[in-house]
Amino acid sequence: MEYTKLGTTDIEVSKLCVGCMSFGKAGTMHDWTLDKQQSEAVIRHALDLGINFFDTANGYSAGTSEEYLGRAIKHNIARNKVVIASKVYFNEGRLSRKAIMREIEGSLKRLGTDYLDLYIIHRFDYETPIEETMEALHELVRAGKVRALGASAMYGYQFYHMQMAAKEHGWTPFSVMENHYNLIYREDERELIPICKQMNVSLMPYSPLASGHLTRAKWSSGSLRGRTDKVAAGKYDRMKEQDVKIIKRVQELSERHHYTMAQIALAWQWAKGVSSPIIGATKAHYLDDASAALKVKFSPQEIDYLEENYVPHPIVGAVDRNPKPGVMLLDVKHSLC
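Rules behind the numbers
Residues numbered from 1 in each chain as written. Predicted model: local features only at pLDDT ≥ 70, side-chain atom pairs only at ≥ 80, totals over all residues. Heavy atoms only, no water. Helix = DSSP H or I, 4+ residues; strand = E, 2+ residues; numbered from the N terminus. Rg over C-alpha atoms; globule rule 2.2 N^0.38 Å. Buried < 20%, exposed > 50% of the residue type's maximum accessible area, 1.4 Å probe, protein only. Areas by Shrake-Rupley, 256 points an atom, 1.4 Å probe, with all protein chains shown as cover. Lys, Arg positive; Asp, Glu negative; His and termini not counted. Charge placed at Lys NZ, Arg CZ, Asp CG, Glu CD. Contact = heavy atoms within 4.5 Å. Core = buried A, V, L, I, M, F, W, Y, C linked by side-chain atoms within 4.5 Å. Right-handed = clockwise from strand over helix to strand, strands pointing away. Pairing = 2+ DSSP bridges. Polar contact = N/O pair within 3.5 Å; in protein donor to acceptor, adjacent residues only side chain to side chain.

**Examining the overall build of the chain**
Logical step 1: When helices and strands are counted, the chain shows 12 helices and 10 strands.
Logical step 2: Radius of gyration (C-alpha) of the chain: 19 Å, near the 20 Å computed for a compact globule of 337 residues.
Logical step 3: Taking the principal axes of the C-alpha coordinates as reference, the chain spans close to 50 × 40 × 35 Å.
Logical step 4: In the chain, which comprises 337 residues, the share counted as buried stands at 58%.
Logical step 5: Carbon and sulfur atoms form 49% of the exposed surface of the chain, whose accessible area is close to 14,400 Å².
Logical step 6: On the chain, the mean spot of the 43 positive side-chain charges and the mean spot of the 41 negative ones are 4 Å from each other.

This is the structure we're talking about:
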């Protein structure tokens, strides 16, 4: 395994992050999530591979994702040997000070820890003043409940204003951006990613394999997730006709270099300056495949070849308003993730 630092912090993470949306009580969010024992088996395998970075959220599977992750860590490794990220936003009060103070306590309790290494705002809150959110997050850092801060899918101007509010008031800025980014969704290359690079903010994209579309030659999958994941359909099906051309090129490069398609797609992420793409694994061997991608290298011409057929996409990830209370996953036409 290879490691890198998050932003300008001293937090060292593996160059792969395990996405914990795959863990939790089935039916509370998705039908395909892993139970306690299955989750622990995947987490243990990740640790054996040298992966130390885990990303969850307060709303994943009604909090059971955090519970399963905390349980597995307690059983298998010392707390200070792993980096845990969780998120806040899809909850009552969004990013108000009251909500943040309430939700951090819930996350810490479910995870069985007294601090988070990384606390991420899951979306931009259109109802709470930026200053209120940033000051509350800074209070958590000062109190020792959070080591570093991150943000997730939003528009570039929103992220910039939040960073400027932190700078102007002497509050803790964001060190990490968890955005939607892969070979068939690259809209953040226009503004958000350049802002992050300018501010030395690390990228830890979600859906680096586009919900499996970049791992197989066929668009559809017969797996349980493939049959039931309406969120994935909402994120990608609208642009299928254009995106299959890119997937075909991933397949061609995988055959040329004798690597899997997933390894090609992940290696492209690191070639683009990503620190730690998030892998949502429902089977332990998926992590073996992902780890092996670290040895894949591209020529500039091959990167151009992979990217050449990309066309502008509708925005998927950033929201233009707060969703209705209680909504975590929107319908197939307006998927969040």
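What follows picks up the thread again.
**Observations concerning unusual backbone geometry**
Logical step 1: Unlike most non-glycine residues, Tyr 89 shows phi in positive territory, near 160°.
Logical step 2: Here Tyr 89 lies in the loop between β5 (83-88) and α3 (97-111).
Logical step 3: On the basis of relative accessibility, which here comes to 0%, the residue Tyr 89 falls in the buried class.
Logical step 4: Even without glycine at this site, Ser 207 takes up a positive phi of about 55°.
Logical step 5: Within the element layout of this structure, Ser 207 appears in the loop between β9 (202-203) and α7 (224-228).
Logical step 6: Judged by its relative accessible area of 15%, Ser 207 is buried.

**Examining the environment of Ile 303**
Logical step 1: Structurally, Ile 303 is set in helix α12 (residues 300-307).
Logical step 2: Take Ile 303: its relative accessible area is 16%, and that puts it in the buried class.
Logical step 3: Excluding residues that lie within four positions of it along the chain, Ile 303 makes contacts with Trp 268, Ala 271 and Phe 298.

**Here we look at the nonpolar core**
Logical step 1: If you look at the biggest cluster of nonpolar residues, it comprises 88 residues, and the most contacted ones within it are Tyr 119 and Phe 159.
Logical step 2: Top contributing element to this core by residue count: helix α10 (residues 261-271), with 8 residues.
Logical step 3: By size, the runner-up hydrophobic cluster in this structure holds 15 residues, among which are Ile 11, Cys 17, Val 83 and Ile 278.

**With respect to the pairing of strand β8 (residues 174-178)**
Logical step 1: Of all 5 residues making up β8, 5 are buried, and the element is well covered by its neighbours.
Logical step 2: The parallel pair strand β7 (residues 146-152) and β8 is bridged by helix α5 (residues 156-169), and the resulting crossover is right-handed.
Logical step 3: As paired strands, β8 and β9 are joined by 2 bridges and run parallel to one another. Paired with Met 177 across the two strands is Leu 203, which belongs to β9.
Logical step 4: Crossover β8 to β9 through helix α6 (residues 192-198) is right-handed.

**Details of the side chain of Asn 182**
Logical step 1: With respect to the helices and strands, Asn 182 occurs in the loop between β8 and α6.
Logical step 2: Within the local environment of Asn 182, its side chain forms a polar contact with the backbone nitrogen of Ile 184, the two atoms lying 2.9 Å apart.
Logical step 3: Here Ser 207 takes part through its backbone oxygen, which lies 2.7 Å from a polar atom of the side chain of Asn 182.
Logical step 4: With residues near it in sequence (within four places) discarded, Asn 182 still touches Ser 207, Pro 208, Ala 210, Leu 214, Tyr 236, Trp 268 and Gln 269.

By themselves, these are just geometric observations and shouldn't be taken as functional.
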